[in-house]
Amino acid sequence: MKISAVVFDFGGVMTTTTMPQRVVELAKEKGIDWNVFADGFNAHRLEYDAGRITLEELYARIWSDVGLSVSAETTAAFMKADDESFCYRNERTREWMAALKGRGFKIGILTNMAPKFAREHFEPVFADFIVLADAMVISGDEGIVKPQREIYDLLRSRINLPAEELCFIDDVEKNVNGSRVAGWNAIRFVTNDQVEADFEKFILESH
């Protein structure tokens, strides 16, 4: 088996915090049960990542689901905290991406991400990650999300390689499984040390 490209998720892989660490802290400060957000994100987050609703609409749905009346000022604070949760760069991942590129692997980026966040935060803050990519798919630009089969097929077509030559790196199990259903190889990201070691072992065993 030949691996020709490594495809990276964004949140929790290129970032050192996962969705949405600052919201957790703000919820404690405001005395709002974290389960309100966990349930709301599970119900509506992919609609936001697909670009079908705005962040404002996402939080309006979260409040509505549990009958909470939350001020515009507090909602704005939560939205700011949400965005900021994803802006902590994992420099180790960027270094690994660059090293893989130097070894001749193609690099892909495949992420569930709303269009507004992509333009305002991802593109400027992570520009040196993005420049390494040979192909990229942002869910909000396409209206499809992980773990839908179509989003993996789209990235595969853009990077122009057979599915069996791709290795996907994601911290979410259902997204890892989605890539495998599409015929990819995959490694779940837990830590940088773990994923790099697992990849080298996989490459060694595949030859």
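To be clear, the structure that these remarks concern was listed above.
Now for a description of the structure that goes with this document. (Residues numbered from 1 in each chain as written. Predicted model: local features only at pLDDT ≥ 70, side-chain atom pairs only at ≥ 80, totals over all residues. Heavy atoms only, no water.)

What about helix α1 (residues 21-30)?
Piece 1. Those residues of α1 not exposed but buried are V23, L26 and A27. One side of α1 carries all its buried residues, which in axial view fall inside an arc of 105 degrees. For α1, the exposed residues lying more than 90 degrees away from the buried face are K28 and E29.
Piece 2. Looking at the buried positions of α1, the neighbouring elements they touch are α2 (34-49), α3 (55-66) and α4 (72-85).
Piece 3. Positive backbone phi, approximately 70 degrees, marks G31, located one or two places after α1. (Buried < 20%, exposed > 50% of the residue type's maximum accessible area, 1.4 Å probe, protein only. Helix = DSSP H or I, 4+ residues; strand = E, 2+ residues; numbered from the N terminus. Arc of directions from axis to C-beta. Contact = heavy atoms within 4.5 Å.)

Quick word on unusual backbone geometry
Piece 1. Cis peptide bonds are those with omega within 30 degrees of zero, and the linkage from K146 to P147 qualifies with 10 degrees.
Piece 2. By the secondary structure assignment, P147 is in the loop between α8 (139-142) and α9 (149-159).
Piece 3. The backbone phi angle of N160 is positive, close to 60 degrees, even though this residue is not glycine.
Piece 4. Inspection of the secondary structure assignment puts N160 in the loop between α9 and β4 (166-170).
Piece 5. Taking the relative accessible area as the measure of exposure, N160 reaches 62% and is therefore exposed.

So, the sheet that holds strand β5 (residues 185-188)
Piece 1. With parallel pairing, 5 strands are arranged side by side in an open sheet as β3-β2-β1-β4-β5. Across the chains shown, the open sheet's two edge strands, defined by having one partner strand only, are β3 (135-138) and β5. Adjacent strand axes in the sheet meet at a mean angle of 20 degrees, parallel and antiparallel pairs treated alike.
Piece 2. Where strand β1 (residues 5-8) and β4 come together, 4 bridges link them in parallel fashion. Counted as the bridge partner of V7 is F168 from β4. (Pairing = 2+ DSSP bridges. Axes fitted to C-alpha atoms, helices over the stretch in contact; angles between N-to-C directions.)

Re the side chain of S4
Piece 1. Residue position: S4 is located in the segment before β1.
Piece 2. Given a relative accessible area of 11%, S4 falls into the buried group.
Piece 3. Within the structure, S4 has its side chain in polar contact with the side chain of E165 (distance 2.5 Å).
Piece 4. Excluding its chain neighbours within four sequence positions, the residues that come into contact with S4 are G104, F105, K106, L161 and E165. (Polar contact = N/O pair within 3.5 Å; in protein donor to acceptor, adjacent residues only side chain to side chain.)

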